[in-house]
Every structure is written in C-alpha cells, then in structure tokens.
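The residues making up each chain are set out below.
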Amino acid sequence: MKAMPEDGFMNANDTNGDAYAIAAVRLAEEAKAFRPSYQRKPEDVTEAFAKASKSLPPGELVKDEFFTLFEAVAALEIMDPMMDSGVILTGESEDLGLDPGAPLSAAQVLGIMDHLWCLEAAWLEGYPLSQTIYTSVHVDALMAPENRHPYPLPSSPSTGHQAKETDLVHAVLRAYCIAVIKSVECVLQMVQSQNFYEEEDFVTHLFGRELLPKTTEEEAIGLLNDAASYVTTHELDSNVAHALHIRLDARKMHLLATAGEATQWISLPSTLDDLRRGHSLAQSTDGALTDKIQRHLATSTPPRPTLDVKWEDALQQWSRLYADANEVSRLTEFWIRQSPACLQRATWTFAARNSCTYARALFQDRLFADGKIAADVPHFDLLLTDIRDLVLAGDSLGDTASFEVEATSDPRHRCARVVESFMDKAFDEYMNLYRMVCQNRCRIRRTFTQALPLLEQLETHVATEADNELLTITPGRRLNTPLGKQVLLNPLSAWARYYKLKIMAETIQLGFETDIYLDYEMGPMYWYLAQLVIERYKLLEHIDAFLRTRSGALSTSSPAHYADEIDAARIRISYLIADANASIAIAAALSMTHNLILDHDLIKPASRSYAQSHLVHEARMKPYLAITSPAVPSAETFIRAGRTQEPTLVTLRRIEETVASAKSHLAVLKTADPVAAKYRGSEARWKLEIKQWETTCVAISVAVTVLKRTLASATDGGLLDKLEVNLSVPAKRYHVSWVVPQLREKSARG
C-alpha cells in the first residue's frame, strides 16, 4: 500500500486498490476512536435484581419503554435448548456437520439428491425451509452470506481417486443444489403472486438468506447440462451414472416447469418410475443434513428437527403435484373456458383434489394472469357470457353486438352502457367466485360467508338500480302469475340473486364438510339448507318462464342465434332445477332423520344452563344475518325445525318418499349431456358426485329400515336402549356434505 500524502489527498494517478485500502484504514481508525476505553465483561446482577424487586409493592411494575414484551419473552428463551435455536449445549460441537467441499462418491451424491427431493416435497406441503431444504450443508454453503456469484462450494485438497469424487461434488452436486434453490425461488414467486394464507397454507420466510439472486434460471440449466456432460465423460458405474442422469434431467424439467414452461409438466410424471428404480443405488452420508444450520438463520421461532420424509411418500407427493399441474391445463381447455358454467364446475373439480398451495397458485395464475383466462378469454367477456347464458339468452341486452353500437341515441347503446356499468360494479365479486375456490376448504367457506353481505348489496341495490334504469330505456316483458299479479324478470337482479342463493347453500354444505355443526344441529341446518335451495328452485322456475315467453316472441327478423341461445339456456336450467330438487329432497330426508334420532334421545343436546337460545341462534346464523331475502328464520322457527312434527311412522314414510323423489331427479342428472348441462371437462367428477348422492340415498333408506325394524320389536316404543348412532367424520362419509346417521342395533353387537 502506498503512503498517504501529507496533505491527506491522493494523487489522480493512484489506483482504485490504493483508494480502497486508504479508505479502509481511515474507517478502522475512526471506529477505534469511538470504541469505549474500558473493557466490557459480564456481571451477575441476580442478587441486585432480587433486592431491588423486593422494594416494589405488590402489583407494581418497572418497565423500560424500549424493552417490549416480545424482547422480554425472547430473553426468557435464551439458552433454552427447546426455544433458542442458537444454543450450543455443553459437550456439543460447533461444527455443523459434513464439510460441503469434502469428496463424495457417486452413490453418496445420488443419496443427497434423493434427500433433497424428499425435503423439497415436504416444503411444498407447507413445512418451512429451515426444516427442509436449508438443512442441507451444501445448500447452506451455496447461500452463505459471504458467498458471491458464481456461488462456488468450498474446496478441499484432494489427490488421486479423491480428486474425481471432489469433482463430482463441485460439478454435479453443486449444479443440482443450485437448480433446487432456483426452483424454490420460482415456486415462491408464483405462490406470492397469488392469493394464499401465510403460515396457514405455506411458509415463504427465507430466514435472512438470498436465493442466489445473481444466478438466472438459464445459468442453472446450463450448469445441469454441464453436470450431465461430466457424468457422461467420466468413468462411473453405469447404473449409478444412469441414475444421476435421470435426476439431472428430472431437475432440469422441474426447473423449466416452475420457471413457466407449462409443457414440461406433461413429461415429469414419467420420470418418477425411473427415480424409484435408481433409489436403491443411493448411499446416505452422515452430516449431509443437519438441523444445526438453524443456528445461523435469522429467525425468532424455536428450533425444529429435520424432517424424516420417506422416499415413497415423497414420490407420491410429487406424483400428486405433477397430476395437479397437468389438471390445471386440462380444466382450462378452450371449450371449458368459453363457458362460465363449465369453468366454475372445473374450478370446484380442481378444488376437490385438495392440492398443495403451489398447485392452487398455478391454477389461479391460469385463471387470472393478465386479466384473461388462459391468456385468451378476457374476464369481462366471461362475466357477460355468464349473465347472457342465465338470464339474457336471446335478448339484445346481452348481445355483444349491442356493445358495439356507437350511436348514443340508440336504445341498444344506452342499455349496453347500463349493463356495462353494472358489470364494472359486480366484476370483483364475480371473479372472487373463482378465486375463493382456489383456497383451502376452510378458507373457501370463510371467504364466501364474508362475501355474502356484498352479494346482498349487489342484488338489492346495484342490480335493482340497473334494472330500473333499463326499464326507463326499454319496456320489460311482464308475466302474469297464477294469482293474477304481473311480475318483471329484472334480469340483473335475478342473476345476482341466483349467485347469492348458490353461495349461501354452498357455505352451509361446506359447514358440514368441515364438521363445524354439532350433532344436534344437523336437523335444523339441513332444514335451512333445503329452504335456501327451494328459493333457488323458485328463481330458476321464474327465469325459465321468461325464457319460454321470450322464445315465443321471437320473430323472423330476430337474429338466428337467439333461438339457439334460449334453447340452450332452458335445457341448462332444466338440469339446474333437477339438481335443486335432488338437493332439496336429500336435505329434507336428512333433516327428518336427524330429528327422529334426536327425539328418541339417540343424540343428546349439549347441556347449556347458562346459554340463551336466541343468542346461540344468532351466533350460528351470524354469516346470514345481513341477508334480507330470504331472511334468516327466527330462533323459535329453528327450534321447531329441529323436532319432528308428526308421528314417527308417518315421518319414516315421508323420508322414504323423499328419498324416492331424490333418486328420480338423480336419474335425470345421470343421463345429462356434458355440453347441455355445462359440465364439460368435469365428467368424471360429475359422475362421481351423482354416484355419491345415490349411495347417500341408499344409506338413508338403510337407516329408515333399521328404525322401522327396531320400533316394531320395541315394546315401549323407545329406541335408546335398542340402538346406537354414529355420525361419520367427513373422510368416511359417502358424500362429505351429507351426514347420514349410521344406526346399529345393540343386541346385534352383543
């Protein structure tokens, strides 16, 4: 280093290196000047603290304003091995484990790759990085804060045979680990760009580490290609070399898929069998994975042990992810995304798979990226198609040509602006019908209940105002009711009401699926579900009546496609009516069945001497209290709905009749054409649900038979000593939303 000139300034000819060195010296001197002259040392303040605390009266607290509760709790955790991730116990080594630059055999490299496959699968299922991928000493070395691009692994001196093993680590394992890290980065970017719930669904915390920001996905792919070339050109056991190639190729495809090349998901499932076959060649390495790495991570959470993920379990998780990723494309194919009804059913079909958060993020990205479905169906067009298919089929109000009329005096232009204004206000809530379904099952119900007041506002205010404005521009068609009263369709209000009633019913069914209702609440809640679906049935009949009238009013001058639109809408509504009738029948049958077993004390209500019935009712019905039509039934009505109103044998006969009615409606749905009934793309799920509903009907009939047989043999007419009842958990039901009591005769068990 050159000496600094006396004037304190450097000459213009000084090199940059000299400038940096001089600046470093100056900073070191300044830091030394600020350093205190005394030497700090720990001091035991326990005795002084105890003495001072005794002078405080009971209830008095001395607290520094900068010493928060969080810091106080953190201080209590220091040196507690159960809570302090940085503690090193007596006799425990500070060494993290295996030297990341140490030579490894090809079989050991294979074993570490497979371990990372397992840990990555666990991370995608919701475990934190600190408990999964970060436990790898090689991944930790690559992401060490002091490591810089191109992020090498530490080198260890080696000669002879060890040199080849060292090259395996630096050429093959390093490339693989970098690809894993970049895959993690791509997954995080996708998940964080969509709706999800931190900690509940997924842990995105990086614990103060960076995911190799200066290395691109393209560089990682190049490293994988170089690694594959190294394996090919060097003398390795042929079986092990083949297994390494399989893993490098699979990692390459996975990285490309997470980086956005959706076509790669198609090929990935075929790699799993090859991965499985080569796993027997893998050799484990002591110290390659360790939870001691958590000592160096920026975290306030307690230390967590490294996960022990079984190889076959991990492969099953990868298989499920690849299948889910391929379903994303299949369920949004061209003909599906052209129909809002098909797309909604496809969205529920995907939700029923209970996919991991990343797969749900992929589906959301497919639905919402760039404001289009699969990049070619604008969301605005989807909403307009939905309104037209349900209530405006064969009507100029829903015709896309009306939105292209530019003459401001033309009624079509004025009506189109009104409909467009309504769509702008309804847009967010409508798109949430798709977005909310891409969450976990509990969140679907919770977000739907939060959306109900907004849907109520949409129907009673926004849609009503729009319908009234349309009536001032063009006269609406009126129908005479059987009572002689004239009614209007009010298409936008009818459309909004349909979705409000649909979501209300779905929240109750999700309540059964998530098991939030108590045993003695089943009867009243199924009764309430039936009432909501009856309202939807009435609305569909109302819409169908107007469609029938509109069809009869078409003239030769009407556009040719209007008649086809009306026919398609009426066929679809006929299936919606059949679905509603089947739901009403099954819900009513289950309500009566649950009420019967409650009346016969087979299920006992909880003893709540301190509770008031109207407050309990208000708490249960809280999500629906804002709804004015249909209004929530009173607590007294619910109490009556929870008890049978007729003799037991009469009720049993009514249950049988109701089940027979449900079967007849299911028979209609069973033969429905996928295009006409709007479930194209979801055929397998449709057939499965119909089968589950039919099995539910059979189970209800079995329960009725057991009740009849037991009543016939009971001398006192009671069932308490004769039967025992079991309400299955959701996973063991014939259908998750239909809770059929399983009755068993006690004598038969004995």
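Criteria and thresholds
Residues numbered from 1 in each chain as written. Predicted model: local features only at pLDDT ≥ 70, side-chain atom pairs only at ≥ 80, totals over all residues. Heavy atoms only, no water. Helix = DSSP H or I, 4+ residues; strand = E, 2+ residues; numbered from the N terminus. Contact = heavy atoms within 4.5 Å. Areas by Shrake-Rupley, 256 points an atom, 1.4 Å probe, with all protein chains shown as cover. Core = buried A, V, L, I, M, F, W, Y, C linked by side-chain atoms within 4.5 Å. Buried < 20%, exposed > 50% of the residue type's maximum accessible area, 1.4 Å probe, protein only. Expected span 1.5 Å × (residues − 1). Salt bridge = Lys/Arg side-chain N within 4 Å of Asp/Glu carboxyl O. Pairing = 2+ DSSP bridges. Disulfide = S-S within 2.5 Å. Polar contact = N/O pair within 3.5 Å; in protein donor to acceptor, adjacent residues only side chain to side chain. Phe/Tyr/Trp six-rings, centres within 6.5 Å; stacked < 30°, edge-to-face > 60°. Lys NZ or Arg CZ within 6 Å of the ring centre and 35° of its normal. Axes fitted to C-alpha atoms, helices over the stretch in contact; angles between N-to-C directions. Left-handed = near helix turned anticlockwise from the far one by under 90°. Nonpolar A, V, L, I, M, F, W, Y, C, P; charged D, E, K, R; others polar. pLDDT = per-residue confidence, 0-100. Parallel < 35°, antiparallel > 145°, perpendicular 65-115°, else oblique.

### Section: the overall build of the protein
A count of helices and strands for the protein gives 25 helices and 6 strands. Counting only C-alpha atoms, the protein reaches 105 × 75 × 70 Å along its principal axes. By sequence separation, contacts in the protein at least 24 residues apart represent 76% of the contacts at least 6 residues apart. On the protein, roughly 37700 Å² of surface is accessible, and the fraction owed to carbon and sulfur atoms is 53%.

### Brief notes about the nonpolar core
Counting residues in each nonpolar core, the largest one holds 218 residues, and the members touching the most others are Tyr358, Phe422, Trp495 and Tyr528. Sort the elements by how many residues they give to this core and helix H20 (residues 560–599) lands first, with 19 residues. Not counting residues within four places of it along the chain, the set of residues in contact with tryptophan 495 comprises Leu383, Asp386, Ile387, Leu390, Val391, Phe422, Ala426, Tyr430 and Leu458.

### Observations regarding unusual backbone geometry
Here the residue pair histidine 149 and proline 150 is connected by a cis peptide bond, since its omega of 15° sits within 30 degrees of zero. Looking at the element boundaries, proline 150 is found in the loop between helix H5 (137–142) and helix H6 (161–192). A cis amide bond links serine 629 to the next residue, proline 630, at an omega of 0°. Non-glycine residue asparagine 354 carries a positive phi angle of around 55°. Positive phi values are uncommon outside glycine, yet aspartate 601 reaches one of about 65°.

### Thoughts on the environment of alanine 578
The topology assignment puts alanine 578 in helix H20. Residues alanine 578 and lysine 425, spaced 153 residues apart in sequence, show a C-alpha to C-alpha distance of 31 Å. Residues contacting alanine 578, with those up to four places away along its chain left out, are His665, Val668 and Leu669.

### Focus: helix H4 (residues 106–124)
Residues three or four positions apart in an α-helix share a direction because the helix packs 3.6 residues into each turn. Helix length check: H4 (19 residues) gives 27 Å between terminal C-alpha atoms against 27 Å at 1.5 Å per residue, within 8%. The buried count for H4 comes to 18 of 19 residues, which makes it a mostly enclosed element. Immediately beyond the C-terminal end of H4, within one or two residues, lies glycine 126, with a positive phi of roughly 120°.

### Structural notes on the pattern of salt bridges
Counted according to the given criterion, the structure contains 35 salt bridges. For the salt bridge of aspartate 274 with arginine 277, the shortest nitrogen-to-oxygen distance reads 2.1 Å. Here arginine 277 and aspartate 274 lie together in helix H10 (residues 271–278), a separation of 3 residues that amounts to about one turn. With relative accessibility at 57%, the residue arginine 277 sits in the exposed group.

### Notes on the pairing of strand S6 (residues 742–745)
Side chains of S6 alternate between two faces, with Leu743 and Glu745 buried and Gln742 and Arg744 left unburied. Pairing between strand S5 (residues 723–726) and S6: 4 bridges, direction antiparallel. Considered in S6, the bridge of asparagine 726 is made with glutamine 742.

### Overview of the state of the cysteines
Under the defined criterion, the tally for this structure stands at 0 disulfides. Left unpaired, cysteine 342 is separated from the closest cysteine sulfur, that of cysteine 438, by 17 Å. By relative accessible area, which is 4% here, cysteine 342 ends up buried.

### Focus: the side chain of threonine 332
Take threonine 332: it is sitting in the loop between helix H11 (311–330) and helix H12 (334–337). Residue classification places threonine 332 among the buried residues on the basis of a relative accessible area of 0%. Engagement of the side chain of threonine 332 in a polar contact is seen with the backbone oxygen of valine 328, the distance being 2.7 Å. If near-sequence neighbours (up to four positions away) are discounted, threonine 332 is found in contact with Arg337, Leu343, Phe363, Arg366, Leu367 and Ala374.

### Digging into the environment of leucine 281
Along the chain, leucine 281 falls in the loop between H10 and H11. Judged by its relative accessible area of 31%, leucine 281 falls in the partly exposed class. Residues leucine 281 and glycine 111, spaced 170 residues apart in sequence, show a C-alpha to C-alpha distance of 8.0 Å. Beyond its immediate stretch of four places on either side in the chain, leucine 281 contacts Ala107, Leu110, Asn239, Val240 and Ala243.

### Overview of the packing of aromatic side chains
The full count for this structure, using the stated rule, is 23 aromatic pairs. Between tyrosine 430 and tryptophan 495, the aromatic rings sit 5.8 Å apart at their centres with planes inclined by 40°, giving tilted as the arrangement. You can see tyrosine 430 sitting in helix H16 (residues 411–435) and its partner tryptophan 495 sitting in helix H18 (residues 491–513), a full 65 residues away along the chain. Plain terms: the ring middles of tryptophan 527 and phenylalanine 638 are 5.7 Å apart, the flat faces sit at 80° to each other, and that makes the pair edge-to-face. Taken together, the residues tryptophan 527 in helix H19 (residues 522–552) and phenylalanine 638 in helix H22 (residues 635–641) connect sequence positions 111 residues apart. Classification of tryptophan 527 by relative accessible area gives partly exposed; the value is 22%. A cation over an aromatic ring shows up here: arginine 251 above the ring of tryptophan 117, its NZ or CZ 4.6 Å from the ring centre. Over the ring of phenylalanine 368 we find arginine 435, and its NZ or CZ is 4.0 Å from the ring centre.

### With respect to the packing of helix H14 (residues 357–368) against H16
Packing of H14 against H16 brings their axes to within 10 Å, and their N-to-C directions diverge by 145°. When the axes of H14 and H16 are compared, the crossing they make is right-handed. Residues Gln364, Leu367 and Phe368 of H14 lie in contact with H16, whose contacting residues are Met431, Tyr434 and Arg435. Classifying every residue of the contact of H14 with H16 by side-chain character gives 4 nonpolar, 1 polar and 1 charged.

### A word on the side chain of serine 183
Take serine 183: it is sitting in helix H6. In this view, serine 183 contacts Glu120, Arg251, His254, Leu255 and Thr258; residues no more than four positions away in its chain are not counted.

### Observations concerning the confidence of the model for the protein
Scored by pLDDT, the protein comes out at a mean of 89, with 91% of its residues at no less than 70. Here residues 1–14 is modelled with pLDDT under 50, and outside its nearest four sequence neighbours on either side it reaches 11 contacts, counting other chains as well.

### Some points on the packing of helix H13 (residues 340–351) against helix H15 (residues 379–390)
Orientation of H13 relative to H15, taken along the N-to-C sense of each, is 110°, at an axis distance of 9 Å. Between H13 and H15, the crossing angle belongs to the class labelled roughly perpendicular. Only Leu382, Thr385, Asp386 and Asp389 of H15 make contact with H13, whose side of the interface consists of Pro340, Leu343 and Gln344. Split into classes, the residues belonging to the contact of H13 with H15 amount to 3 nonpolar, 2 polar and 2 charged.

### Some points on the environment of threonine 132
By the element assignment, threonine 132 lies in the loop between H4 and H5. C-alpha of threonine 132 to C-alpha of glycine 476: the two residues are 344 residues apart in sequence and 63 Å apart in space. Setting aside anything within four residues of it in sequence, one finds threonine 132 in contact with Leu119, Ala122, Trp123, Tyr127 and Leu307. A distance of 2.9 Å separates the side chain of threonine 132 from the backbone oxygen of proline 128, its partner in a polar contact.

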